[in-house]
Amino acid sequence: MSQTTATSPTDAAPDDLLKLDRQVCFALAVAARNVIGLYRPVLEPLGLTHPQYLVMLALWEDSPVTVRALGRLISLEPATLSPLLKRLEAAGLVTRERHPDDDRALAITLTDRGRRLREKALDVPPQVVERLGMGLEELEALRAALTRVIAATTPSG
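What counts, and where the lines are drawn
Residues numbered from 1 in each chain as written. Predicted model: local features only at pLDDT ≥ 70, side-chain atom pairs only at ≥ 80, totals over all residues. Heavy atoms only, no water. Patch = residues over 30% accessible without salt bridge, like charges linked within 9 Å, V, L, I, M, F, W, Y side chains within 5 Å. Areas by Shrake-Rupley, 256 points an atom, 1.4 Å probe, with all protein chains shown as cover. Salt bridge = Lys/Arg side-chain N within 4 Å of Asp/Glu carboxyl O. Helix = DSSP H or I, 4+ residues; strand = E, 2+ residues; numbered from the N terminus. Buried < 20%, exposed > 50% of the residue type's maximum accessible area, 1.4 Å probe, protein only. Core = buried A, V, L, I, M, F, W, Y, C linked by side-chain atoms within 4.5 Å. Contact = heavy atoms within 4.5 Å. Pairing = 2+ DSSP bridges. Expected span 1.5 Å × (residues − 1). Arc of directions from axis to C-beta. Axes fitted to C-alpha atoms, helices over the stretch in contact; angles between N-to-C directions. Polar contact = N/O pair within 3.5 Å; in protein donor to acceptor, adjacent residues only side chain to side chain. Phe/Tyr/Trp six-rings, centres within 6.5 Å; stacked < 30°, edge-to-face > 60°.

Draft legend 1. Spotlight on a nonpolar patch on the surface. On the surface, Val24, Leu28, Leu142, Leu146 and Val149 cluster together into a nonpolar patch covering about 380 Å² of accessible area. The set of elements that each furnish at least two residues to the nonpolar patch consists of helix H1 (24-43) and helix H7 (136-153). For the nonpolar patch, the element with the highest residue contribution is H7, accounting for three residues. Structurally, Val24 can be placed in helix H1. In this structure Val24 comes out as exposed when scored by relative accessible area, which is 59%.

Right, here's the structure in full:
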């Protein structure tokens, strides 16, 4: 009878490619969850969730915009975006109306209240930077690296 020696996960070689702490997916998942968690108390006074904040950021850059174009901008499917937009509309921040050039498309437009919220949102990035405790240069390098990861993992369309 042959005898095999069982090894525990802690016995793994230091160069083991399957070690949890070596996994990019694990680091990204935990970092994303934790960073989004930092936003919660900062966004709460604005009455926004993190996904709603992303929608508002896109709309502060360009409004009106179709649901489809907005989904592309923030990488969300229209079916996921629709409930977010309904809540933003109920909060009086956006309107959803048929696009004047295409009856099949919905145009999302900021209301005056939605435009005014931008002024309060200017306080969000500095608060998040402070909570992260990282310098702007380091955060810009991280954002650039993540942008390359996004580009490498986004199907060409």
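Draft legend 2. Up close: the nonpolar core. By size, the foremost hydrophobic cluster in this structure holds 28 residues, and its most contacted members are Val55 and Met56. Mapped onto this core, the elements with two or more residues apiece are H1, helix H2 (50-61), helix H3 (67-74), helix H4 (78-90), strand E3 (102-110), helix H5 (112-121) and helix H6 (124-132). Ranked by residue count, the leading element in this core is H2, at six residues. When near neighbours in sequence (up to four residues on either side) are disregarded, Val55 contacts Leu70, Ile74, Leu81, Leu84, Leu85 and Leu88.

Draft legend 3. Molecular detail of the pairing of E3. As defined by bridge partners, strand E1 (residues 65-66) adjoins E3 across two bridges and the pair is classed as antiparallel. Within E3, the position partnered with Thr66 by the bridge is Ala107. When strand E2 (residues 94-99) meets E3, the two strands line up antiparallel, connected through six bridges. What sits directly across from Glu97, in E3, is Ala107.

Draft legend 4. Molecular detail of unusual backbone geometry. Here Ser63 and Pro64 are connected by a cis peptide whose omega angle stands at 5°. Along the chain, Pro64 falls in the loop between H2 and E1. Positioned with a positive phi, Ser75 is a non-glycine residue whose angle comes to about 55°. Checked against the element boundaries, Ser75 lands in the loop between H3 and H4.

Draft legend 5. Quick look at H4. For H4, which comprises 13 residues, the first-to-last C-alpha distance of 18 Å matches the rise-based estimate of 18 Å (1.5 Å per residue) to within 8%. Among all positions of H4, only Leu81, Leu84, Leu85 and Leu88 are buried. All buried residues of H4 lie within an arc of 105° about the axis, which places them on one face of the element. In H4, the exposed positions angled more than 90 degrees off the buried face are occupied by Ala79 and Ala90.

Draft legend 6. A look at the sheet that holds E3. Spatially, E1-E3-E2 is the arrangement adopted by the three strands of the open sheet, whose pairing is antiparallel. Since the sheet does not close on itself, it has two edges, and those belong to E1 and E2, each with one partner. Along the sheet, H2 contacts E1, E2 and E3; its crossing angle with E3, the most-contacted strand, is approximately 95°.

Draft legend 7. Highlighting the side chain of Gln52. Structurally, the position occupied by Gln52 is in helix H2. Here Thr49 takes part through its backbone nitrogen, which lies 2.9 Å from a polar atom of the side chain of Gln52. When neighbours within four sequence positions are excluded, Gln52 is seen to be in contact with Gly47, Leu84, Arg87 and Leu88.

Draft legend 8. Region of the structure containing the packing of aromatic side chains. Within this structure, the stated rule accounts for one aromatic pair. Measuring from ring centre to ring centre gives 5.8 Å for Tyr39 and Tyr53, while their planes differ by 40°; the resulting arrangement is tilted. A residue pair is termed long-range when its members are at least 10 positions apart, and Tyr39 in helix H1 and Tyr53 in helix H2 qualify at 14 residues. Classification of Tyr53 as buried rests on a relative accessible area of 5%.

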